[in-house]
Amino acid sequence: MRESLRFYLGDELREIRDVDPTLTVLDWLRLDQRRTGTKEGCAEGDCGACTVVVGRLDSDGALRYEAVNACIRFLATLDGCQLLTVEHLRGPDGALHPAQQAMVDCHGSQCGFCTPGFVLSLFALYLNEDRPGSERINDALAGNLCRCTGYEPIVQAARRMYELGDRAADRFADRAATAARLAALADADCLSVGAAGRRFLAPATADQFADLYAANPDATIVAGATDVGLWVTKFQRVLATVLYTGRVQELRRVVDRGDALEIGAGVTYRDAAAPIAALYPDFGELIRRIGAEQVRNVGTIGGNIANGSPIGDSPPALIALGASIRLRRGSERRVLPLEDFFLAYGQQDRRPGEFVEAILLPKPQPGERFRAYKIAKRFDQDISAVCGAFRLRLDADGRVADLRAAFGGMAGTPKRASGTEAALIGLPWTEANVRAAMTALRGDFTPLSDWRASAAYRSEVAANLLLKLYVETTDPDADTRLVGDRRLAHA
Amino acid sequence: MPDAALPVPTISAIDGAVHSPRPHESAHKHVSGEAVYIDDIAEPAGLLHVALGLSAKAHARVTALDLSRVRAAPGVAVVVTAADVPGVNDIGYMGKGDEPLFASDLVQHVGQPLFAVAAHTRDQARRAAALADVTYEDLPAILTIAAARDGERTLVTAPMTLTVGDSAAALAEAPRRLDGRLAVGGQEHFYLESQIALAIPGEDEEVLVHVSTQHPTEVQHIVAHILHVPNGAVTVEVRRMGGGFGGKETQANLFAACAALIAKKTGRAAKLRPDRDDDFQITGKRHDFEIDYAVGFTDEGLVTGVEMLFAARAGYAADLSGPVTDRALFHADNCYHYPAARLESLPLKTNTVSNTAFRGFGGPQGMVAAERVIDEIAFALGADPLTIRKRNFYGVEDRNLTPYHQIVADNIIPELVAELEADCGYWERRAAIRAHNARSRILKKGLALTPVKFGISFTATHYNQAGALVHVYTDGSVQVNHGGTEMGQGLHTKVAQIVAEEFQIDIAQVRPTATTTGKVPNTSATAASSGTDLNGKAAQNAARAIKERLAAFAAERWGVAADAVVFAPGRIQAGDQSMSFPELVRAAYMARVQLSATGFYKTPKIHWDRAAGRGTPFFYYAYGAACSEVTVDTLTGEYVVDRVDILHDCGRSLNPAIDKGQIEGGFVQGMGWLTMEELWWDGQGRLRTHAPSTYKIPACGDRPRVFNVRLLDNAPNREDSVFRSKAVGEPPFMLGMSVLHALSDAVASVADHRFCPQLDAPATPERVLATIGRLRARAAGV
């Protein structure tokens, strides 16, 4: 056990022994360090005013810089990382960084309160990508809200910064030295820090993790903390023991198992997106619309499953695709279909001390088509009113050989529309049959009304998504998509 | 260069002259995190953090308030309730006594503060606040406009009626008549910096309050009132806000008063910054309205008479609901001439948070009604809505009397709209969209061009005054202070430009300083788009006073006439003498010339008789128009804004970059109000969209994909405003209406434009889909 937390604040090594396990990075910066450039807008990871950049070594040992929300990230999760805040950006001579100067030149700030967060998102973009296109800029900025500018000048700044600076000569471009310093912090010891009898445990291997959780089944498992963070900031929950997945490299890998992709439970959305999109392009598009950059950089598919939310966006897609999960307790493992994991609202088939170790995503079979649709009030950084996912295979005669349809937001758990599936399997894939199945779909679910949508809207849209699937799979000329890559509609 | 598209009139060689696209004076500090907001101020030793205890009930008697567990919680220093208020327990600006700082025996909305607790840390205070044991006895709660108007119709303040002509007769005689009802939602300000106040106790009765407010003087009065001390004992200061939008015009009072109360009670500094969710619950929002309308019109679509009733959800107290609902009536004509009209307001009391100012201040709701009426006429006649809009525009020489009996004397809307209509290719695109919709089964496009005319001045005439204080130091550097507050709108930048222009010195020499009641007293709220008009003029007058003294001095010293002393860029010419500004200033100082001056300004010409419903409440009007094109998914109701073209009137813009920012930002905020932003209360009166996770403002990707914004050229204000500029804070907000009408147009296409969609706001995907369903059913004769 290592009993001190170690990370770099800029170039400065910080070693902290006593730390509240759920102290957020933002509160540490603002309250403890009085580094007040980073702002609190919402304390729930939805506005991006607190955006900071975290450098970490990925599973290949490469240094990666990611924009994250400081307000819901626990300080202790920075172990082995480098933290960069707005105060680090000015050059040694006081000159503004290109990401900052571009914002000045383009009139990208008005009240200025969201600005440090935007600057850090721009900074991360500048470090990682050269001259991205408009859609990519939108994605990179989707997690930062601005109430003053209407965004146009900020998007201009995202282009302008590349004209102001030489990326190769950027102070932060030489990653080798930082990577070496972070590598020197890495060890195989379990980190155990805490205060007032509460602990933050960050094991370095899967075996350590399994043993610790079996021994501490009441511990709260935390990966990206994009949900658990809110338990702390909004509900003032006191977590006695936090068990962090982030240092366990085995949980952060995506492995090709031949007929399936094994996605470690600690793999972030960001890391899962490309391998998943390679198999199922529309699943990639769905992931693009989960949270925003700052959330996808830390949030995990494993967490999205394990927290059992009825409105998580990855479960409907995974269920439609027949994915399984592997659960582990100690050295004991079992595999079960994902749909069987969700028992009822707030209840999953997970025993004390047992955790989700990996997701097993089958590879596509010939002739299969997959579509996923996320319906919300806003395209980016919103929670679904309805999320529908479909895997369809037609036989040579144009009949439905197989259909799996799964929905989020329609019941207490992510759930298959079994009546709808049954109504179509074996029948010709025609509009008349689809319309009949849309009626069947209304029998599959009794959704609730809430602030995201009424029950009536949910039912109508869920049914309409089946029609959208039909149009996309039968009419290659139909425009059906408002956002994302329009070609996915007819892929 | 980003500003290449902006007109950059250069009339002088100084850096930062008026009419130049100068960056925001704090831009370099915004981007580096060095701009200090109130939560960033170095904390005084012993600071206490305050949290509020809130009502869980919409309407109830409080039969017991047991705070013993709160007091016993770790770190707690003090707990205060209504009983601890030494002065009057009222934070309402009107002094009606209807808005207690702390409720005592009666709570009237969920989230109403009952008490405050101060502790050593913010976390301790918030945890302690959750420990209160409150016993309630429920009372019937009125939660919606419908419930309020159907019940006893309690009003929070006196309603207003505007009449012109005989509307009843006009409706009776009209060749055609239509009646309807429009619902338009409220809006949360979502300033990125939540409410916050930091109070530092002083000697005797004194207290200094740093507070994020648009109205320091009102905060001063309220704090004095709560503490029962003279106004002069209270100093209120704000350097900048992280956004205001009207949400910090009166809503900061509560936080400032509470912090000041605890500071004076404990002798320690006290800071109150609510969590975002609490901010949503405690503070008022834009009023939602239900508007009944009847319009009479000719077969050509010319309006002959209008009657409208504006029922607004005021919430539990008056706050600004009176002037807000008044302004709804003032703008119920938008750009259209109503030969006869009767417009009435109904500010209804409900058991919800007391609604307040928000950019446009009721004007947007009035204009939405006007545009609905025009749409109704267009659909009834099978005409393009733009044709009907243009037909009903105010005339220039005639047809120019408003329902409040002011003559529209500066009407430029016909030519402004004609210019935009041509520039954006309205009619060509109209045809292209029809063709698109004929061939696209699922995605339908819509197009709409809507105008804006917005009256500039506070309708409370006495608010139209401002003061400023300019100091010139002996090195030639200048400080300017004025009564306006900086919330991101660039007011301090514009005022600094004005002062630089007057002295003909580079703007780097002019430092705007924090707004404080200690320097400029008796100020008006920075609101009604008037910040620059009023404070810019006051600062100009102060600078001119000093300039006159300097000129008189130079004339005497160098033996020339005072009017022969010329302030040229960076130089002063006095006959043959030429000197720099610092040289002149130093010489003047040595000759004992006063180098500091106050300035004052009051808007001329305006007057308003509310009881009679007659007067000239507005100094001038600002105009603009927007054309929006959208695409709607008819299976889900989702939509995107494909393209927006805006032509907006800023008079002779003081700063085209800042004004463009106001136009773009106002447009997107207005669009958000009418589309995705939805306030949703449950049956117990709890706001369930209480944070950005549930309340969705437009994000980066929601902005128009093509966004062409242009300032109207060669359009100096016809009135003597500061450098002939026009106010720009609020008017562009209402350009967002074009998105609602473009959505309506797209929706109408599903029934071949036979029926007016009557698309209410917010037009969330759900409401769009429901409207599509309604139109399809109607078209099918169901």
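Residues numbered from 1 in each chain as written. Chains lettered and ligands numbered in written order. Predicted model: local features only at pLDDT ≥ 70, side-chain atom pairs only at ≥ 80, totals over all residues. Heavy atoms only, no water.

- Per an unreviewed UniProt entry, the recorded name for chain B is Xanthine dehydrogenase molybdopterin binding subunit, and the organism is Azospirillum cavernae.
- As recorded by UniProt, the Sequence similarities (unreviewed entry) comment attached to chain B reads in full: "Belongs to the xanthine dehydrogenase family." (UniProt positions renumbered as here; feature names shortened; annotations may be inferred.)

- The name an unreviewed UniProt entry gives chain A is Xanthine dehydrogenase small subunit, with Azospirillum cavernae as the organism.

1. Quick word on the packing of aromatic side chains
All names here are of chain B.
- Enumeration according to the criterion identifies 34 aromatic pairs over all chains in this entry.
- Ring centres of Phe330 and Trp608 lie 4.9 Å apart, and the angle between their planes is 65°; on these two criteria the pair is classed as edge-to-face. One end of the pair, Phe330, is in helix H9 (residues 321-330); the other, Trp608, is in strand S25 (residues 607-609), with 278 residues separating them in the sequence. As far as the burial class goes, Phe330 and Trp608 line up, both buried.
- With centroids separated by 5.6 Å and ring planes inclined at 90°, the aromatic side chains of Tyr404 and Phe618 adopt a geometry described as edge-to-face. (Phe/Tyr/Trp six-rings, centres within 6.5 Å; stacked < 30°, edge-to-face > 60°. Helix = DSSP H or I, 4+ residues; strand = E, 2+ residues; numbered from the N terminus. Buried < 20%, exposed > 50% of the residue type's maximum accessible area, 1.4 Å probe, protein only.)

2. Comments concerning H9(B)
- Of all ten residues in H9(B), ten are buried, a share of seventy percent or more.
- All of the buried residues along H9(B) are Ser321(B), Gly322(B), Pro323(B), Val324(B), Thr325(B), Asp326(B), Arg327(B), Ala328(B), Leu329(B) and Phe330(B).

3. A few points about the domain arrangement of chain A
Residue and element names in this part refer to chain A.
- Parsing chain A into structural domains produces domain 1 (5-87 + 175-244), domain 2 (92-169), domain 3 (250-362) and domain 4 (369-490).
- The straight-line distance from the C-alpha centre of domain 1 to that of domain 3 is 22 Å.
- Listed per partner, the contact involves 25 residues of domain 1 and 20 residues of domain 3.
- Roughly 1800 Å² of surface becomes buried between domain 1 and domain 3 when both sides are summed, with 55% attributable to carbon and sulfur atoms.
- For the pair domain 1 and domain 3, the interface holds four salt bridges.
- Linking domain 1 with domain 3 are seven residue pairs in polar contact (both at pLDDT 80 or more).
- Ranked by the residues each element gives to the side of domain 1 that touches domain 3, the list is headed by helix H7 (residues 206-215), at six residues.
- Taken together, the residues that form the side of domain 1 that touches domain 3 break down as eleven nonpolar, eight polar and six charged. (Domains from an automatic or database assignment. Contact = heavy atoms within 4.5 Å. Buried area = accessible area lost by both parts, 1.4 Å probe. Salt bridge = Lys/Arg side-chain N within 4 Å of Asp/Glu carboxyl O. Polar contact = N/O pair within 3.5 Å; in protein donor to acceptor, adjacent residues only side chain to side chain. Nonpolar A, V, L, I, M, F, W, Y, C, P; charged D, E, K, R; others polar.)

4. A look at empty space enclosed by the protein
- Under the counting rule described, the total for this entry stands at 16 cavities of 30 Å³ or more.
- Lining the largest cavity we find 36 residues, and of these Met487(B), Gln489(B), Ser529(B), Gln662(B) and Gly729(B) sit closest to its centre.
- Those elements giving two or more residues to the lining of the largest cavity turn out to be helix H14 (491-503), helix H15 (531-558) and helix H17 (656-674) of chain B.
- By residue number, the principal contributor to the lining of the largest cavity is H15(B), which donates three residues.
- Within the lining of the largest cavity, the residues separate by chemical class into 13 nonpolar, 16 polar and seven charged.
- For the lining of the second largest cavity, the elements supplying multiple residues, two or more each, are helix H10 (281-288) and strand S17 (368-375) of chain A.
- The element that contributes the greatest number of residues to the lining of the second largest cavity is S17(A), accounting for four residues.
- When its residues are assigned to classes, the lining of the second largest cavity shows seven nonpolar, one polar and seven charged.
- Lining the lining of the second largest cavity are residues from two domains, each supplying at least three of them: domain 3 (250-362) and domain 4 (369-490) of chain A. (1 Å grid on protein atoms, 1.4 Å probe; cavity = no way out; pocket = protein on both sides within 12 Å on 5 of 7 lines; lining within 4 Å. Points joined across faces, edges and corners; volume = space filled by probe spheres on them.)

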